[in-house]
There are 2 protein chains.
Amino acid sequence: MRLSKYFLPVSKDVPADAAIASHQLMLRAGMVRQNGAGIYSWLPLGHRVLRKIEQIVREEMNRAGAVEMLMPTLQQADLWRESGRYDDYGAEMLRITDRHERDMLYGPTNEELITDVFRSFVKSYRQLPLNLYHIQWKFRDEIRPRFGVMRGREFLMKDAYSFDIDAEAARRSYQKMFCAYLNAFDRMGLTAIPMKADPGPIGGDLSHEFIILADTGESAVFCDKALLDIPAPGADLDFDSDLTAEMEKRTQYYAATDEKHDEAAFEALPKEQQVAARGIEVGHIFYFGTKYSEPMNASIQTSEGDKALIHGGSYGIGVSRLVGGIIEASHDYKGIIWPDAVAPFDVGLISLRPKDDAVATACEEAYVALTEAGLDVLYDERDERPGAKFATMELIGLPWQMTIGPKGVEKGVVELKRRETGETSELPLAEALAMIKGGR
Amino acid sequence: MRLSKYFLPVSKDVPADAAIASHQLMLRAGMVRQNGAGIYSWLPLGHRVLRKIEQIVREEMNRAGAVEMLMPTLQQADLWRESGRYDDYGAEMLRITDRHERDMLYGPTNEELITDVFRSFVKSYRQLPLNLYHIQWKFRDEIRPRFGVMRGREFLMKDAYSFDIDAEAARRSYQKMFCAYLNAFDRMGLTAIPMKADPGPIGGDLSHEFIILADTGESAVFCDKALLDIPAPGADLDFDSDLTAEMEKRTQYYAATDEKHDEAAFEALPKEQQVAARGIEVGHIFYFGTKYSEPMNASIQTSEGDKALIHGGSYGIGVSRLVGGIIEASHDYKGIIWPDAVAPFDVGLISLRPKDDAVATACEEAYVALTEAGLDVLYDERDERPGAKFATMELIGLPWQMTIGPKGVEKGVVELKRRETGETSELPLAEALAMIKGGR
């Protein structure tokens, strides 16, 4: 992508109403534009990151055997009356009346709707287990939206719903999601710690939040230091195997948000193992048994020919929130530092003197070579000062910067910089390309 | 994908409330489930088609130089008061009040919102031309939603917005979209005919609808037969060249929807060139000049240092509507016939006897070989009657069916069938694979 043909409205000014780093940086880097309280447009750079995160989540859900579909944003109020949540949900639910005076709402979550889909079609235990997910915009009418996309009103969420014949089978579905989440966050360059959590309005008796640590986190979290170093299960995990051990590798250690915090248990840990920090919730999983299948009468025929209520779970990842969360976990005073897997472009290519023919030729050659190697390149060929170009690249935080100017062209080299470390090398284009491919 | 692990609730029954073929077939093939008047869940099979169409549209927009972003579904009423459309739009606009009693709406289109984004950031002619697009859910509160996803209330649309310094530059942007649309529809296996159209509530003085012909089309259309045979510009088109001739190749011929129909002009055509048919609108493009920039004060600095109102156009493709439109244009009495590029899977693999070890082994081998060749395969390994399996495959309309049974295994062959023609061959797996790859 040539920057002159892109839309990247960066700004030097720190916005007055943005209280945390990710919000400030997303505005400054031209990633989002606020269109109302807690409602954002995703400008091209932000949109790219959103889609990269979405795609990682999708791939890890598919790997775990979940099946993608898509539910609408608007729902009928009647379904929520069946479950009893229409009145319970409170003012955070955006209630809507259509032209025929029918009560509708903008879905804040989808347990009712998916249970309705399920009960319409699935009649036999032979069709189980089943895990259906979608990635769709939700709305929660927060009384005080803040922190940019971290606590917006309209937000993009991946929510999955598992259906099982009994509690034991439901536990296996829960474990699959537990492991899939570890892999998904790991691929985004995040260490997400599962913590016992309060189920809140979703209900149920088993629930974990996945928390990443960041100084600006919304809540206090407490955990054993050992949790920071356990590797994710990885792509080779067999999701059809018994995942109990993989889950217990983590649940054996103390970890809790302040809601569930047990001071005595925490203090019993060796001092050097105690981590008391701030955390950001990026995922939340629930097992809630028959909480929805009972009022909504979602039952199936068992192998013995009886009727049984299905056992359910739901599993959320805050896709749009993660964009902010990753920035909170990875930035410096100059700007964002994108982990490779979620970066909007892999390489920023900077021409130091676009009007110099030799430089322009070398830049075009590099642009073609990088693109043909399968890399996403943002090529700054504008007639601007080098200082402004460098500042923009530092701000938007692409993993690699390649700079080409008259001196380098004379010597037959480009300058390659890793954003994360600041390390710089002068080397021929082919070697720079090999370094980028190797570092991914 | 193994069918036993998929979610494909097919049905033999023709739904009573579905009046047209695409609606009936989408329900029967388990592609969608209605969740309310004009509101649908996209079940896994339908979701796959939706994403394939979305991706073709995205690629063709990018090729034409448009830049993707994403605007929210909900908008502030105030922006629509600025343009004057808040009151004009009528009951089709879904109006919403949030917990703080602020007037909002579910976007039926985005001219106001994108103009607000534009005017916030773009100040100079040097940043033009600019074409920003998004693919997002919209809502229009149709008084009588019908025909399934063809006239739903919540629908997925690609809408692009061009910004130019003057009318002449805006015309070039319009021509780019005109050509990009021809390419996008062509890739979906559709012949879309551009017809002069009424701008309706978008406004402006230049507008084309893109219409595909189908007996169940919503409106009468009239055109010169020559238009059915002009090839799309294709991937090699240089979008920076003068596209006037490419556009005039079509606009030289008579083509109009009934709103704009000129009976005398049509009757002046030779009888054998007159096509009077039914059509489905799948895209609509508009040039509206300063209709939005004037009331919303979206101006930029020209190269002479003056201020000038920008000239705008907008360009819509009905992504979710296309799923129904393609089925209307391509089905038979047994079910859907997907064009290759939008098919939910490339191949349906049918095991005639899953419990026979030799058949199971041959099927697994075929499944692996097809998948490794980069094909999307739906593998029916369920213990069901062959007749039911064939009926399902015919109904869901994958381009190729590969059937493996005991006799074929003995002879070392598989049976390969092309859904579109019904042609069947018995041949070794490797040759079948080559035929599929060649036919794509």
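Residues numbered from 1 in each chain as written. Chains lettered and ligands numbered in written order. Predicted model: local features only at pLDDT ≥ 70, side-chain atom pairs only at ≥ 80, totals over all residues.

**With respect to the packing of helix H2 (residues 44-63) of chain B against helix H6 (residues 167-187) of chain B**
Residues and elements named next belong to chain B. H6 packs onto H2 with a crossing angle of 150° between their chain directions and a minimal axis gap of 9 Å. In terms of orientation, H2 lies roughly antiparallel with respect to H6. The element H2 and its partner H6 pack so that their crossing is right-handed. For the pair H2 and H6, contact is made by Ile56, Val57, Glu60, Met61 and Arg63 and by Ala180, Asn183, Ala184 and Arg187, respectively. (Axes fitted to C-alpha atoms, helices over the stretch in contact; angles between N-to-C directions. Helix = DSSP H or I, 4+ residues; strand = E, 2+ residues; numbered from the N terminus. Parallel < 35°, antiparallel > 145°, perpendicular 65-115°, else oblique. Left-handed = near helix turned anticlockwise from the far one by under 90°. Contact = placed C-beta atoms within 7 Å.)

**Concerning the interface of chain A and chain B**
One frequent convention defines the size of an interface as the accessible area lost when the parts assemble. Each side of the interface is counted separately: chain A has 41 residues, and chain B has 41 residues. Looking at the side of chain A that touches chain B, the elements with two or more residues in it are strand E1 (32-36), strand E2 (39-42), helix H2 (44-63), strand E3 (67-68), strand E4 (74-76), strand E5 (94-97), helix H5 (111-121) and strand E7 (130-139) of chain A. Across the side of chain A that touches chain B, the residue classes break down as 25 nonpolar, nine polar and seven charged. (Nonpolar A, V, L, I, M, F, W, Y, C, P; charged D, E, K, R; others polar.)

**Quick look at the sheet that holds strand E23 (residues 424-427) of chain B**
Residue and element names in this part refer to chain B. With respect to topology, five strands assemble into an open sheet ordered E20-E19-E21-E22-E23, the strand pairing being mixed. Bordering the open sheet on either side are strand E20 (377-380) and E23, each of which pairs with just one other strand. Along the sheet, successive strands turn relative to each other by an average axial angle of 20°, direction set aside. Pairing analysis gives four bridges linking strand E21 (residues 400-404) to strand E22 (residues 414-418), with the strands arranged antiparallel. Residue pairing in the sheet places Thr403 in a bridge with Glu415 of E22. Seen against the sheet, helix H10 (residues 357-372) touches strand E19 (347-351), E20, E21 and E22 and runs at an angle of roughly 170° to E19. Sitting on the sheet, helix H13 (residues 429-439) touches E19, E21, E22 and E23, and the angle it makes with E22 is about 15°. (Pairing = 2+ DSSP bridges.)

**Thoughts on H2 of chain B**
The α-helix winds at 3.6 residues per turn, so residues separated by three or four positions along the chain end up facing the same way. Residues and elements named next belong to chain B. For H2, spanning 20 residues, the distance from its first C-alpha to its last is 29 Å, which sits close to the expected 28 Å at 1.5 Å a residue. What H2 keeps buried is the set Pro44, Leu45, Gly46, His47, Arg48, Val49, Leu50, Ile53, Ile56, Val57, Glu60 and Met61. Positive backbone phi, at 90°, marks Gly65, one or two positions downstream of H2. (Expected span 1.5 Å × (residues − 1). Buried ≥ 20, exposed ≤ 12 C-beta atoms within 10 Å, placed from the backbone.)

**With respect to the domain arrangement of chain A**
Residue and element names in this part refer to chain A. Structurally, chain A comprises domain 1 (11-336) and domain 2 (345-439). One C-alpha centre belongs to domain 1, the other to domain 2; they are set 38 Å apart. Between domain 1 and domain 2, the residue contacts involve six residues of the former and four residues of the latter. Among the residues making up the side of domain 1 that touches domain 2, the classes are represented as three nonpolar, one polar and two charged. (Domains from an automatic or database assignment.)

**A closer look at the relation of the copies chain A and chain B**
Between the two copies of this chain, the relationship is a rotation about some axis together with a displacement along it. The transformation that overlays chain A on chain B combines an axial shift of 0.0 Å with a rotation of 180°, and the residual RMSD is 0.0 Å. Such values leave the two copies arranged in the relation of a two-fold axis. Using C-alpha coordinates, one finds that chain A approaches the rotation axis most closely at Ile96 of chain A, a distance of 3.0 Å. A symmetric contact is evident, with 100% of the interface residues of chain A recurring at the interface of chain B. (Least-squares fit on C-alpha atoms with pLDDT ≥ 70 in both.)

**Focus on the pairing of E7 of chain A**
All names here are of chain A. Here E7 lies mainly inside the structure; eight of its 10 residues are buried. As paired elements, E3 and E7 share two bridges and run parallel to each other. Bridge pairing in E7 places Glu68 opposite Tyr133. Relative to strand E8 (residues 154-164), E7 runs antiparallel, the two being bridged by 10 bridges. Residue Asn131 lies in a different strand from E8, and its bridge partner there is Ser162.

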